[in-house]
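Structure at a glance
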Amino acid sequence: MPFDFKKEYKELYAPKNKPSIVTVPKTNFVAVRGAGDPNGENSDYKTSVGILYAIAFTIKMSKKGTRKIEGYFDYVVPPLEGFWWQDGGSGIDYARKDGFNFISLIRLPDFVTKADFDWAVQAAAEKKQADFSRAELFTYDEGLCVQCMHVGSYDNEPATVELMHEYMRENGCELDISSTRFHHEIYLSDPRKCAAEKLRTVVRHPVRKV
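Remember, predicted model here, so these are calculated numbers, not experimental data.

1. So, the state of the cysteines
For the structure on display, the rule yields zero disulfides. You can see Cys148 has no disulfide; the closest cysteine sulfur is in Cys145, sitting 14 Å from it. The cysteine Cys173 is free of any disulfide, with Cys145 supplying the nearest cysteine sulfur at 10 Å. Judged by its relative accessible area of 3%, Cys173 falls in the buried class.

2. Comments concerning the environment of Asp37
If you trace the backbone, Asp37 turns up in the loop between strand 1 (20-35) and helix 3 (44-60). It is 4.2 Å that separates the C-alpha atoms of Asp37 and Asp98, two residues lying 61 residues apart in sequence. Among all residues touching Asp37, those that are not within four sequence positions of it are Ser43, Lys97 and Asp98. Here the side chain of Asp37 touches Asn39 through a polar contact of 2.9 Å, landing on its backbone nitrogen.

3. A few points about the pattern of salt bridges
Considering all chains together, one arrives at 15 salt bridges under this definition. Across the salt bridge formed by Asp44 and Arg134, the nearest N and O atoms sit 2.9 Å from each other. In this pair, Asp44 sits in helix 3 while Arg134 sits in the loop between helix 4 (114-128) and strand 4 (136-151), placing the two residues 90 residues apart along the sequence. We classify Arg134 as partly exposed; its relative accessible area is 32%. One salt bridge connects Asp176 with Arg181, and the closest N-O pair in it is separated by 2.6 Å. It is possible to trace a salt-bridge network through shared partners that takes in Glu174, Asp176, Arg181 and Arg208.

4. So, the packing of aromatic side chains
All told, the structure shown has 22 aromatic pairs when counted by the stated rule. Between Tyr75 and Phe111 the ring centres are 6.0 Å apart and the planes differ by 65 degrees, which places this aromatic pair in the edge-to-face class. You can see Tyr75 sitting in the loop between helix 3 and strand 2 (80-86) and its partner Phe111 sitting in the loop between strand 3 (100-107) and helix 4, a full 36 residues away along the chain. Phe111 carries the same exposure label as Tyr75, and that label is buried. An aromatic cluster is defined as three or more aromatic residues linked by ring pairs; in this entry it consists of Phe3, Phe5, Tyr9, Tyr72, Phe73, Tyr75 and Phe111. Across from the ring centre of Tyr75, 5.7 Å away, lies the NZ or CZ of Lys60, which sits over that ring. A cation sits over an aromatic face here: Arg107 above Tyr9, 5.0 Å from the ring centre.

5. Remarks on helix 3
The first and last C-alpha atoms of helix 3 sit 25 Å apart over 17 residues, in line with the 24 Å expected at 1.5 Å per residue. Along helix 3, the positions that sit buried rather than exposed are Tyr45, Ser48, Val49, Ile51, Leu52, Ala54, Ile55, Ala56, Thr58, Ile59 and Lys60. Check the buried side of helix 3 and you find it contacts strand 1, strand 2, strand 3, helix 4 and strand 6 (183-187).

The rules behind these values
Residues numbered from 1 in each chain as written. Predicted model: local features only at pLDDT ≥ 70, side-chain atom pairs only at ≥ 80, totals over all residues. Heavy atoms only, no water. Disulfide = S-S within 2.5 Å. Buried < 20%, exposed > 50% of the residue type's maximum accessible area, 1.4 Å probe, protein only. Helix = DSSP H or I, 4+ residues; strand = E, 2+ residues; numbered from the N terminus. Contact = heavy atoms within 4.5 Å. Polar contact = N/O pair within 3.5 Å; in protein donor to acceptor, adjacent residues only side chain to side chain. Salt bridge = Lys/Arg side-chain N within 4 Å of Asp/Glu carboxyl O. Phe/Tyr/Trp six-rings, centres within 6.5 Å; stacked < 30°, edge-to-face > 60°. Lys NZ or Arg CZ within 6 Å of the ring centre and 35° of its normal. Expected span 1.5 Å × (residues − 1).

Next comes the structure, spelled out in structure tokens:
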């Protein structure tokens, strides 16, 4: 059976719908940075997501090609993730989506080296006949966080966030969003195929002990 990060690391990808504190280890991603309203028909966000999946599946399917990656094991491509922020504040204003900055990400197995990553970017770009130079190998040590499973529309996340912040204060922590620590979402549902009220999203915020 292919290795499934969601099943093997349930504490990171399947939290309950009530807040919890978790320490997230250092992780490697394929990442693309961008800005703007993610919902636009030709948005920068949608372009970025296309780049991520093309590269992620190039690495996964390398087993069927000539590129032999040392240490490769078969796996399920992990879910799409996103770091989000807006200039001039530590919170997220869901009514001002055109002010979003983002880093879109998909987790990579630890066997992927910089050389393997560079090969995958080039191979995917050639196959798609597109410029994938925005993609980067991004290593992130997220550390101590509060998280919760949010069920429903993305626009309704503030209620879940408030529960998370109340829980962190009750457990001796304070919010630690900064220029290097972000509002984090992990998308377990495909909004093209799932009703908004049933969307499942892991919402995660960085914290520190008081």
